[in-house]
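Structural overview for review
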Amino acid sequence: MSGSGAESINRSRGVDWALKGYILLAYLFVFAPIAASFVFSFNSDRFPSIPLGSFSLEWYEAVAADPLVWQGLRNTLVVGVVVGVISTLLGFGAAYTDYRYKFAGKQVYLALALLPPTIPVIILGLAMLAYLSRINLSGNALSVIIAHVVVCAPFAMAIIRLRLSQMDPALEPAAWNLGASEWKTMRHVIVPFTKPAILGALFITMAVSFDEFAVAWFVSGLNETLPVKVLGFLQGQVSPRINAIGTFVFVLSMTLVILAQLLLSGKGANDRAPADDKE
Amino acid sequence: MQRDTLVSFEGVVKRFGSFVAVQKMDFEIRKGEFLAIMGSSGCGKTTTLRMLAGLEAPSEGVIRLSGKPINDLPTWSRDTPMVWQSLALFPFLNVRENVEFALKMRGIGKVERRRRAEQWLDRMQITEFADRNIAQLSGGQRQRVALARSLVVEPEILLLDEPLSALDAALKVRMQSVLKTLQRETGITFVYVTHSQSEAFSMADRVVIMSRGVIEQIGTPQEIYRAPRTRFVADFLGSSNLFSGRVRPGAAGGVELETPAGALKLGGDGVMPADGTTATVTVLDTKTHLSVTPPARSVNVVPVRVVGEEFVGATATVYLETPQGQEIRVQKGHDELADLPLGIGQDLFAWWEPKDGHLVAEA
Ligand SMILES: Nc1ncnc2c1ncn2[C@@H]1O[C@H](COP(=O)(O)OP(=O)(O)OP(=O)(O)O)[C@@H](O)[C@H]1O
Ligand SMILES: [Mg+2]
């Protein structure tokens, strides 16, 4: 991609094209498997092979007819929504604490708050299983929710923290100074200002929860989420139904991520755009 | 305490850790005055203002508003709105909603809110932008929104922290007159923090000059300009020549200052310092005169040599040096300088009337 800025630099056309080609290849590499899965999900043949058979929705029909898939989907959605809301609330609290207060050990607090996504999921999943079963919470939807909140809240915090860092530090004291108590300021200033990031965090954490497999596999027990179910299918038989489910989950997640992206870049940038006309 | 006192600082100190930002501050703000607080960067101007607004708690001392101590009153319960250097307008609200904000927070109903906001939008001439976003306004328009937003609650006092610093020179002058007119018409007490001598001196009824957390002088612009109280103030204003030396009885009566540039006669106002002490006298550069031959009455004459000249509008500043290397400046209208040879290296005599010399406190 050569932005308008790059064009003003005297760079040879050859390099420009090479760079564009490079980006194309990189995207191809990343998205080829997903694209293949997408294509084969509409293919009538039982096994993925070229040339393709005819266009068919039979795998979608098969998936739709399977009550286990519906149950998995319902689990995934319920867990995703609850996890999104809880993670965003926790993330907001943590980010605001970081923004507002100075205290001893703040670096440690931040490091710990952002740590969970860096722990290998196998270890996190095992630890969660051991811990949740100790307190008799393993093997149900609640356990998946708890485990996913641990994984997702740091993402929410990071997103909201970024937005708060763009806020004029005088904004909050200005509201107090105009007669708003701390709670009113939270409601009428902090939340409206961070709203794009809050919604963005909500969608991203939902998407992360939808896709998360390893931790859910350890703790979900009989209440499997869709990704766990997919693995179940795989272990039984290789079926293009997996492609159908995969395509569906991919589209859902991408929708959430794109929504978040729109909120975070578009609206946020608008607020700060300088007016260059003189009075 | 006088009857017309609105705010008083009584022994107010502010520390940040071990750093003292404001040292034992005692002063009063009068009802309805335009007070400017001026000083170099980091001298504690903003800190002083924030303590008055309730955004910073004094480490010691009492601040009173209308006689009542307000140390423990949170900022949202005080009526001390502030105009911020960054303006701090709410970017997610439009102009009208920004102006209504303080009324909404006070629980005033929608209709009344709308009516009062309308008045201030009109007064600040921003009615036509009422439904715009903040990002769509120019610097001067934003300034007006910030003023309307603070004044809509019709407070007794308005605090302003370098509100004009982001504007270009022409707009700055326009907004200065807007502010001054507003203050005169509403009778609201303005406390105005600034770096700029011209802003402070052109708008304020009284000026506070601060240095390193200490008040150096409070007075009307004329008082401060004519007679800086301390060496710091004289240096800060940069409009006076300073001479330091030992005090001794004068040859022809009175008191003289024995300086490297010669014996200088003291006159004018104030108590004369005791013999044998050191003292510093300031003379305005506009009250310092130049001539080719020594003037007839030969007191306070210093031989000087021209080192440069600078034109500023209708006046010119001549830079000179004594044989001892001390810089002396003389500021005059062009016609007053027309008859003097001012080539670099030219020898001249600088002199002034004893009554134009002012003693400053030795710090
Ligand atoms: N929250 C704080 N913590 C520690 N030191 C502070 C704090 N606020 C201000 N200071 C220090 O106190 C001193 C006075 O600061 P203040 O902001 O009042 O200066 P100022 O006169 O407004 O300067 P400027 O003209 O640059 O705005 C400065 O040295 C500053 O570093
Ligand atoms: Mg300041």
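Heads up: these notes are all about the structure in this document.

Rules behind the numbers
- Residues numbered from 1 in each chain as written.
- Chains lettered and ligands numbered in written order.
- Predicted model: local features only at pLDDT ≥ 70, side-chain atom pairs only at ≥ 80, totals over all residues.
- Heavy atoms only, no water.
- Salt bridge = Lys/Arg side-chain N within 4 Å of Asp/Glu carboxyl O.
- Helix = DSSP H or I, 4+ residues; strand = E, 2+ residues; numbered from the N terminus.
- Buried < 20%, exposed > 50% of the residue type's maximum accessible area, 1.4 Å probe, protein only.
- Pairing = 2+ DSSP bridges.
- Axes fitted to C-alpha atoms, helices over the stretch in contact; angles between N-to-C directions.
- Expected span 1.5 Å × (residues − 1).
- Contact = heavy atoms within 4.5 Å.
- 1 Å grid on protein atoms, 1.4 Å probe; cavity = no way out; pocket = protein on both sides within 12 Å on 5 of 7 lines; lining within 4 Å.
- Points joined across faces, edges and corners; volume = space filled by probe spheres on them.
- Nonpolar A, V, L, I, M, F, W, Y, C, P; charged D, E, K, R; others polar.

A short note on the pattern of salt bridges
- The final tally for this structure, using the stated rule, is 19 salt bridges over all chains.
- Here B:Glu60 and B:Lys24 are joined by a salt bridge, their closest N and O atoms 3.7 Å apart. Taken as a pair, B:Glu60 in strand S4 (residues 60-65) and B:Lys24 in strand S2 (residues 19-30) lie far apart in primary sequence, 36 residues in all.
- A relative accessible area of 32% means that B:Glu60 is categorised as partly exposed.
- Between B:Arg305 and B:Asp347 there is a salt bridge whose closest N-O contact spans 3.1 Å. Of the two residues, B:Arg305 sits in strand S16 (residues 301-312) while B:Asp347 sits in strand S19 (residues 347-351), which places them 42 residues apart along the sequence.
- B:Arg305 gets classed as partly exposed once you look at its relative accessible area, which sits at 45%.
- Look at B:Asp347 and you get partly exposed, because its relative accessible area is 44%.
- Here the salt bridges do not stand alone but share partners, grouping A:Asp98, A:Lys106 and A:Arg161 into one network.

Side note on the sheet that holds strand S15 (residues 289-291) of chain B
Residue and element names in this part refer to chain B.
- Across the sheet, five strands lie side by side as S15-S19-S16-S17-S18; this open sheet has antiparallel pairing. With partners counted over all chains shown, the strands left at the sheet margins are S15 and strand S18 (327-333), one partner each. Strand-to-strand twist across the sheet, computed as the mean angle between neighbouring axes with direction ignored, equals 45 degrees.
- Pairing of S15 with S19 involves three bridges; the strand directions are antiparallel. When the bridges of S19 are listed, Leu290 appears paired with Ala350.

Some thoughts on the sheet that holds S2(B)
Residue and element names in this part refer to chain B.
- The strand order across the open sheet formed by four strands is S2-S1-S4-S5, and the pairing between neighbours is antiparallel. Strand pairing shows two members of the sheet lacking a second neighbour, S2 and strand S5 (68-69), which therefore form its edges.
- Of the strand pairs in this sheet, S4 and S5 are connected by two bridges, and their pairing is antiparallel. Paired with Leu65 across the strands is Lys68, a residue of S5.

What about helix H5 (residues 169-186) of chain B?
Residue and element names in this part refer to chain B.
- Taking 1.5 Å as the rise per residue, H5 with 18 residues should run 26 Å; its terminal C-alpha atoms sit 26 Å apart, in good agreement.
- Considered for burial, the residues of H5 that qualify are Leu171, Met175, Gln176, Leu179, Lys180, Leu182 and Gln183.
- Structurally, H5 contributes buried residues whose contacts are with strand S3 (34-39), helix H3 (110-123), helix H4 (139-151), strand S7 (157-161), strand S8 (189-194) and helix H6 (197-203).
- Positive phi appears at Gly187, one or two residues downstream of H5, with a value of about 70 degrees.

Description of empty space enclosed by the protein
Residue and element names in this part refer to chain A.
- For the coordinates displayed, the defined rule picks out one cavity of 30 Å³ or more.
- As a volume, the largest cavity reaches approximately 40 Å³.
- In terms of lining residues, the largest cavity is bounded by Leu73, Thr76, Leu77, Phe210, Leu226, Phe248, Val249 and Leu252.
- Taken together, the elements giving at least two residues each to the lining of the largest cavity come down to helix H4 (67-100) and helix H12 (241-272).
- Each residue belonging to the lining of the largest cavity can be placed in one class, and the counts come to seven nonpolar, one polar and no charged.

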